[in-house]
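Take a look at the letters that make up each chain.
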Number of protein chains: 2
Amino acid sequence: MRLNTRFFDLEVQGLEAILNEEDARDLLVRPGDRLMLRGDGESVVAVAEVTRGMVSPGEVGVVGGAELPREVDVKPVSRPRSVDYIRKKMDGFKLERGEVKAIIEDVSLNRLSRIETTAFVCSSYMRDMDYDEVQWMVEAMVESGERIEFEEGPIVDKHSIGGVPGNKITLLVVPIVASAGLTIPKTSSRAITGAAGTADVMEVLAPVGFGVDDIKRIATEVGGTIAWGGATSIAPADDNIIEIEYPLSLDPRPQLLASVLSKKMAVGADKVVIDLPVGSGTKLENEDDAPTLAMDFIQLGRRMGMDVQCVTSYGASPVGRAVGPVLEAREALRVLEGGEHPRSLVEKSCEVAGVLLEMAGIAVNGRGSNSAEEALRSGAALDKLRDIIRAQGGDPEVSSEELEPGEHRWAAEAEKGGYVTSLDNRQIVGVARAAGAPRDSGAGLLLHKKVGDEVDAGESVVTIFSESEVKLEEARRLFKTKPPYRLKGMVLERFEESGRL
Amino acid sequence: MRLNTRFFDLEVQGLEAILNEEDARDLLVRPGDRLMLRGDGESVVAVAEVTRGMVSPGEVGVVGGAELPREVDVKPVSRPRSVDYIRKKMDGFKLERGEVKAIIEDVSLNRLSRIETTAFVCSSYMRDMDYDEVQWMVEAMVESGERIEFEEGPIVDKHSIGGVPGNKITLLVVPIVASAGLTIPKTSSRAITGAAGTADVMEVLAPVGFGVDDIKRIATEVGGTIAWGGATSIAPADDNIIEIEYPLSLDPRPQLLASVLSKKMAVGADKVVIDLPVGSGTKLENEDDAPTLAMDFIQLGRRMGMDVQCVTSYGASPVGRAVGPVLEAREALRVLEGGEHPRSLVEKSCEVAGVLLEMAGIAVNGRGSNSAEEALRSGAALDKLRDIIRAQGGDPEVSSEELEPGEHRWAAEAEKGGYVTSLDNRQIVGVARAAGAPRDSGAGLLLHKKVGDEVDAGESVVTIFSESEVKLEEARRLFKTKPPYRLKGMVLERFEESGRL
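Residues numbered from 1 in each chain as written. Chains lettered and ligands numbered in written order. Predicted model: local features only at pLDDT ≥ 70, side-chain atom pairs only at ≥ 80, totals over all residues. Heavy atoms only, no water.

*Asks:* Got a minute to help me understand the relation of the copies chain A and chain B in this structure?
*Replies:* Turning one copy of the chain about an axis and sliding it along that axis gives the other copy, so a rotation and a shift relate them. In the superposition of chain A on chain B (RMSD 0.1 Å, axial shift 0.1 Å), the rotation amounts to 180°. With respect to symmetry, the two chain copies, as superposed, fit the operation of a two-fold axis. Mapped onto chain B, 100% of the interface residues of chain A are again interface residues, and the two copies thus contact each other with one and the same surface. (Least-squares fit on C-alpha atoms with pLDDT ≥ 70 in both. Contact = heavy atoms within 4.5 Å.)

This is the structure we're talking about:
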């Protein structure tokens, strides 16, 4: 059937072709069927949608971006073989290498509809995959995207499986290990549901949007990058999979493993440390699950020639005292400058950096953390961060003093004294987001009191920062409704308009 | 955020609100999040999509049909609780009554996105449901749609789980049992992937698109209907579920059970017979699975106060000799007229009708089939079908002689003799669809030889009918490429242009 093309600039999973219901009936096509659109030597396969009025009879709406002429020949074709392989996984069978590869390739190239990709993600969650299948998935993800190959090694990398607010350790770990002469081409994400991703925090200091060529050049030149992974096309299948996982709050083990390992493989990492935060609100609510996940990462790494070590860390409350892009950048910079800073942040950063120093043979086992602390103390890590900031196009002379969080502020004060027994991550993130984070970089929270700290009546426990009075008010209201602090096991529910609690 | 509405008439699952990426960023909204759109006293919740160009900043695209003013207030809201229940099912837990109800209600009201409904369907497939859960699903499906309540019983009904071409027995069963004084408000489907659904076949004789009020009126008046279920709003969740199952070729046991039983419950059926075709190409490829499925239907029926019996039937090749709307209507009518007809069709129809006659106490056990044959022989069933045709607005004087299939015809002849050992359903359907069925009602196949029949060299085995020369040619080409017949276990692969095989 000859139809006139009409283009719709909507982001969908799987290229879609919208037919008027009359044409769909003539072609015996139902929503979900595949159509081949062909014209002027171009041809694409799209998933059929059916409309009463969005396109007229004689037209085909093309959604998702395709190069096609004004008129195309449209005919039904069979669905991709990968849909059969997804069915096979749903039926509980182990997939072959070629089957995993076909699925990942089709996910990467946007050939599957949302229904089909959802079925894949759900089957991975409910049927799980063995090491073979995950390895094949990692390999297929790497092959389907951009890669970096460095001329010289070793290449090291770190990753945190996330979920903990205030986790700005990458801004310390990268300069520490790069100052020891290692190459660490780190890519990070922006916050999706959090208050600030590492890319959001680094962006306070320098641009972060680089393609793989720039990442390679900068990391070769100064030893490290702190870039935003979203500007590259590394493991593109992962983005389409995350689009499905997000609304279902799902993170199937095979996809978690493949997501992390494919990114590390793609940048050519030889030695990798993976941080597994444990505790309420993290991906590892039950600490007992950590050894199994760690072993999965290590074994899979070994299969692919990558030396992987894992560390577990306390994740039930924020890392350091600052939450939000500017506040976190300031806190990290202050540590590097040798200024006042939370001890827990330094410890975690040095432990993680120390593992890499030991893995690379730069520190003897058991002394990595000390070497890392020495890099902080000597100023070598600060100099290295300035190199990275310069190489990424930021101002290398920046100091923590100059970093100003939002001007609208509100401090919550304790109504009565006690000890802080818990600090709820989810509520802290909620308040930071209400205040404008991560979009407003100056928005966030500064925690004056952390778990175990003693609080006197009238003492300030937290300050909320915002770039707008309205958002500050919203954040304050949220803080009062669901206070993230518990003192001596009691929920502090009573607040006065003045801000006392 | 105040945005101007723009409406898109696209059929989607879950109302969608399309934001420009700039507005989405300001609202901290990602694809898959929920948005509340409110204005002029109207408010709806929609699933967010994000576009670069389909709508401009300041606009919100509304897809899926909603009554909203030109300007609406847009703000993020949390996702429905039913998504948590779907997660619970994915994690392998049994759902509570209220949880099942919430999911089905949200599916019915189009409140879930495709990703979410897919996760539900996949979880039902991979985790299965127990009788409690299926019963609650049936009840929720019935409650979420239209119902028929008859003043007088008993109300009987039949259903076939389908997959067999040529299965026109409803056109015989309904008039047989209605002629015995029973009420049978039968709704049927159109062909989705097949050559002719019962609604397509009945439409050759009379209109089939009736709402529940008309179905009740007609069934009360003449004892039965043969209507198209798609014109009613009985168990609307089922349509949204089928939209997910279709592209995945998935038919989870809980949904299969609930789909059938909810339709029977909704029309108030007391006594139901369910036909389970078994054999290659049906839903029960393995005959050993039939007793379990039968028991599921029976037990669930009992729980809901419905008397259910099941019959298995041979489904590996077509029922009767005709495939395609006009050809099937003609064959059924010929049986009722007492003309020449395939014995297998009469037997199957009378067995199924006989079960209902026995269940209703009209025939003694073991004699139902004979009573049904008597209704055929006496002409009572033919008179009853004429009543139904008249009540549905067709011509009651129609005779099989007047029903003319497509004028373009081609007969395949056997090149050498032998016995027919198999007849492939899928290939038969493929050829019928290529010839134009079900859209062109005159298109289809007439099988002159069936399994077990002897064929002489040069004898015609099948005739293909079409309303167009082009489609006939396509059907003929398909028939030659993949012949549906096997003689003596040999694939007949050699054809001559003359049409010989």
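Moving on, there is more to tell.
*Asks:* Whenever I open this one, a negative patch on the surface confuses me. Can you help?
*Replies:* Residue and element names in this part refer to chain A. Together, Glu337, Asp395, Glu397, Glu401 and Glu402 line one region of the surface with negative charge. Along the chain, aspartate 395 falls in the loop between helix H15 (380–391) and strand E13 (408–413). Owing to a relative accessible area of 42%, aspartate 395 belongs among the partly exposed residues under this scheme. (Patch = residues over 30% accessible without salt bridge, like charges linked within 9 Å, V, L, I, M, F, W, Y side chains within 5 Å. Areas by Shrake-Rupley, 256 points an atom, 1.4 Å probe, with all protein chains shown as cover. Salt bridge = Lys/Arg side-chain N within 4 Å of Asp/Glu carboxyl O. Lys, Arg positive; Asp, Glu negative; His and termini not counted. Charge placed at Lys NZ, Arg CZ, Asp CG, Glu CD. Helix = DSSP H or I, 4+ residues; strand = E, 2+ residues; numbered from the N terminus. Buried < 20%, exposed > 50% of the residue type's maximum accessible area, 1.4 Å probe, protein only.)

*Asks:* Help me understand the nonpolar core in this model?
*Replies:* What tends to happen in soluble globular proteins is that the nonpolar side chains get buried as a cluster. Among the nonpolar cores identified, the biggest contains 224 residues, and Leu205 and Phe297 of chain A together with Leu205 and Phe297 of chain B are the most heavily contacted of them. Excluding anything up to four places from it in sequence, phenylalanine 297 of chain B contacts Ile161, Leu257, Val260, Leu261, Ile274, Leu276, Val308 and Cys310 of chain B. (Core = buried A, V, L, I, M, F, W, Y, C linked by side-chain atoms within 4.5 Å.)

*Asks:* Any chance you could explain the side chain of serine 108 of chain A here in plain terms?
*Replies:* Residues and elements named next belong to chain A. Its place among the elements puts serine 108 in helix H3 (residues 97–108). Taking relative accessible area as the criterion, serine 108 reaches 13% and is therefore assigned buried. Excluding anything up to four places from it in sequence, serine 108 contacts Ser144, Pro236, Ala237 and Asn240.

*Asks:* What should I look at first to understand the environment of isoleucine 103 of chain A in this one?
*Replies:* Residues and elements named next belong to chain A. Its place among the elements puts isoleucine 103 in helix H3. Under the relative-accessibility criterion, isoleucine 103 is labelled buried at 0%. Separated by 19 residues in the primary sequence, isoleucine 103 and aspartate 84 have C-alpha atoms spaced 9.5 Å apart.

*Asks:* For this particular structure, what's the right way to read the sheet that holds strand E12 (residues 322–323) of chain A?
*Replies:* Within a sheet, each strand pairs with its neighbour through backbone hydrogen bonds, oriented either parallel or antiparallel. Residues and elements named next belong to chain A. Here we have four strands laid out as an open sheet, ordered E12-E15-E17-E13, and antiparallel in their pairing. Both edges of this open sheet fall to E12 and E13, since each of them pairs with a single strand only. As paired strands, E12 and strand E15 (residues 444–447) are joined by two bridges and run antiparallel to one another. Along E15, the bridge assignment pairs valine 323 with leucine 445. Sheet strands touched by helix H16 (residues 425–434): E12, E15 and strand E17 (460–466). Its angle to E15, the strand with the most contacts, is close to 135°. Where helix H17 (residues 469–481) meets the sheet, it contacts E13 and E17, and its direction lies at approximately 15° from that of E13. (Pairing = 2+ DSSP bridges. Axes fitted to C-alpha atoms, helices over the stretch in contact; angles between N-to-C directions.)

*Asks:* Help me understand the pattern of salt bridges in this model?
*Replies:* Two side chains carrying opposite charge are able to pair once their charged atoms lie near each other. Residues and elements named next belong to chain B. Under the criterion given, the structure shown has 78 salt bridges over all chains. One salt bridge in this structure joins arginine 34 and glutamate 116, with 2.6 Å as the shortest N-O distance. One end of the pair, arginine 34, is in strand E3 (residues 34–39); the other, glutamate 116, is in helix H4 (residues 114–127), and 82 residues separate them in sequence. Look at glutamate 116 and you get buried, because its relative accessible area is 0%. Of the charged contacts, one joins lysine 89 and glutamate 133 as a salt bridge, the two residues approaching to 2.8 Å between their closest N and O atoms. Note that lysine 89 is positioned in helix H2 (residues 81–90) and glutamate 133 in helix H5 (residues 131–143), a separation of 44 residues in sequence.

*Asks:* In this structure, what is going on with the interface of chain A and chain B? I would like to understand it.
*Replies:* Interfaces are often sized by the accessible area lost when the parts come together. Contacts between the two partners involve 48 residues from chain A, matched on the other side by 48 residues from chain B. Looking at the side of chain A facing chain B, the largest losses of area belong to Arg30, Ile115 and Met126 of chain A, adding up to 15% of the total buried there. Summed over the shared surface of chain A and chain B, the number is four salt bridges. Aspartate 26 of chain B serves as the salt-bridge partner of arginine 439 of chain A, at 2.7 Å between the closest nitrogen and oxygen. Across the chain A-chain B interface, the total number found is 20 residue pairs in polar contact (both at pLDDT 80 or more). Residue assignment for the side of chain A that touches chain B shows that the elements contributing at least two residues are helix H1 (21–26), strand E4 (42–51), helix H2 (81–90), helix H4 (114–127) and helix H9 (237–248) of chain A. Broken down by element, the side of chain A that touches chain B gets its largest block of residues, 10 residues, from H4 of chain A. Of the residues assigned to the side of chain A that touches chain B, the class counts are 23 nonpolar, six polar and 19 charged. (Buried area = accessible area lost by both parts, 1.4 Å probe. Polar contact = N/O pair within 3.5 Å; in protein donor to acceptor, adjacent residues only side chain to side chain. Nonpolar A, V, L, I, M, F, W, Y, C, P; charged D, E, K, R; others polar.)

*Asks:* Just to check I follow, could you spell out the pairing of E15 of chain A for this structure?
*Replies:* The side chains of a regular strand alternate between the sheet's two faces. Residues and elements named next belong to chain A. Residues Gly444 and Leu446 line one face of E15 and the alternating positions Leu445 and Leu447 line the opposite face, and both faces are buried. Where E15 meets E17, four bridges bridge the pair, whose relative direction is antiparallel. Residue pairing for E17: glycine 444 is matched across the bridge by phenylalanine 465.

*Asks:* Whenever I open this one, the packing of aromatic side chains confuses me. Can you help?
*Replies:* The description of an aromatic ring pair uses the distance of the two centres, along with the angle that the planes make with each other. Going through the model one piece at a time under the given rule, you end up with two aromatic pairs over all chains. Ring geometry for tryptophan 410 of chain A versus phenylalanine 479 of chain A: centroids 5.7 Å apart, planes at 75°, classification edge-to-face. Of this pair, tryptophan 410 of chain A sits in strand E13 while phenylalanine 479 of chain A is found in helix H17, placing the two residues 69 residues apart along the sequence. The pair tryptophan 410 of chain A / phenylalanine 479 of chain A is uniform in exposure class, with both members buried. The ring of tryptophan 228 of chain B is capped by arginine 190 of chain B, whose NZ or CZ atom sits 4.4 Å from the centre of that ring. (Phe/Tyr/Trp six-rings, centres within 6.5 Å; stacked < 30°, edge-to-face > 60°. Lys NZ or Arg CZ within 6 Å of the ring centre and 35° of its normal.)

*Asks:* Before we go on, may I ask you to explain helix H17 (residues 469–481) of chain B in this structure?
*Replies:* Given 3.6 residues to a turn, an α-helix orients residues that are three or four positions apart in the same direction. Residues and elements named next belong to chain B. The terminal C-alpha atoms of H17 lie 18 Å apart, and with 13 residues this matches the ideal 18 Å at 1.5 Å per residue to within 8%. All of the buried residues in H17 are Leu472, Ala475, Arg476, Phe479 and Lys480. An end-on view of H17 places all buried positions within 135° of arc, on one side of the element. Exposed residues lying more than 90 degrees from the buried face of H17 are Val470 and Thr481. Close packing links the buried residues of H17 with strand E13 (408–413), helix H16 (425–434), strand E17 (460–466) and strand E18 (485–487). (Expected span 1.5 Å × (residues − 1). Arc of directions from axis to C-beta.)

*Asks:* What is the right way to look at the confidence of the model for chain A in this model?
*Replies:* For any part of a model where pLDDT is low, the fine detail of the predicted coordinates should not be relied upon. Residues and elements named next belong to chain A. Model confidence for chain A is summarised by a mean pLDDT of 91, while 97% of its residues fall at 70 or above. Averaged pLDDT values over the elements of chain A bottom out at 42 in strand E19 (residues 490–491) and peak at 98 in H15. Here the prediction assigns the complex a pTM of 0.89, and the interface score ipTM is 0.88. (pLDDT = per-residue confidence, 0-100.)

*Asks:* So what exactly am I meant to see when it comes to the sheet that holds E17 of chain B here?
*Replies:* All names here are of chain B. The antiparallel open sheet is built from four strands, whose spatial order is E12-E15-E17-E13. The open sheet has two free edges, formed respectively by strand E12 (322–323) and E13, since each of these has just one partner strand. Set on the sheet, H16 makes contact with E12, strand E15 (444–447) and E17; between it and E15 the angle comes to about 135°.

*Asks:* Honestly, the environment of valine 55 of chain B in this entry has me stumped. Any pointers?
*Replies:* Residue and element names in this part refer to chain B. Among the structural elements, valine 55 can be located in the loop between strand E4 (42–51) and strand E5 (59–63). The class of valine 55 is buried, set by a relative accessible area of 0%. With 367 residues separating them in the primary sequence, valine 55 and serine 422 have C-alpha atoms 56 Å apart. Setting aside anything within four residues of it in sequence, one finds valine 55 in contact with Arg6, Phe8, Ile18, Leu19, Asn20, Val60 and Gly61.

*Asks:* I keep staring at the pairing of E4 of chain B and nothing clicks. Help me out?
*Replies:* Residue and element names in this part refer to chain B. With seven of 10 residues buried, E4 lies mostly within the body of the structure. Judged from the five bridges that link them, strand E2 (residues 16–20) and E4 form a sheet pairing that is parallel. Looking at the pairing, glutamate 16 lines up with valine 47 of E4. As paired strands, E3 and E4 are joined by six bridges and run antiparallel to one another. By the bridge assignment, arginine 38 is partnered in E4 with serine 43.

*Asks:* What am I meant to see in the domain arrangement of chain A here?
*Replies:* By domain assignment, chain A separates into domain 1 (2–77), domain 2 (81–127), domain 3 (156–227 + 261–391) and domain 4 (408–491). One C-alpha centre belongs to domain 2 of chain A, the other to domain 3 of chain A, and the line joining them spans 32 Å. (Domains from an automatic or database assignment.)

*Asks:* Can you help me understand helix H3 (residues 97–108) of chain B in this one?
*Replies:* Residues and elements named next belong to chain B. Between its first and last C-alpha, H3 extends 16 Å over 12 residues, near the 16 Å set by a 1.5 Å rise per residue. All of the buried residues along H3 are Glu99, Val100, Ile103, Ile104, Asp106, Val107 and Ser108. On its buried face, H3 sits against H2, H4, H5 and helix H9 (237–248). Positive phi appears at asparagine 110, one or two residues downstream of H3, with a value of about 65°.

*Asks:* Just to check I follow, could you spell out the packing of H5 of chain B against helix H10 (residues 253–266) of chain B for this structure?
*Replies:* Geometrically, a packed helix pair is captured by the angle between its two axes and the distance between the axes. Residues and elements named next belong to chain B. At a minimum axis distance of 8 Å, the contact between H5 and H10 shows a crossing angle of 45°. By the angle between their axes, H5 is oblique relative to H10. Relative to H10, the crossing made by H5 is right-handed. Mapping the contact onto sequence places Tyr131, Val134, Met137, Val138, Met141 and Val142 in H5 and Arg253, Pro254, Gln255, Leu257, Ala258, Leu261, Ser262, Met265 and Ala266 in H10. (Parallel < 35°, antiparallel > 145°, perpendicular 65-115°, else oblique. Left-handed = near helix turned anticlockwise from the far one by under 90°.)

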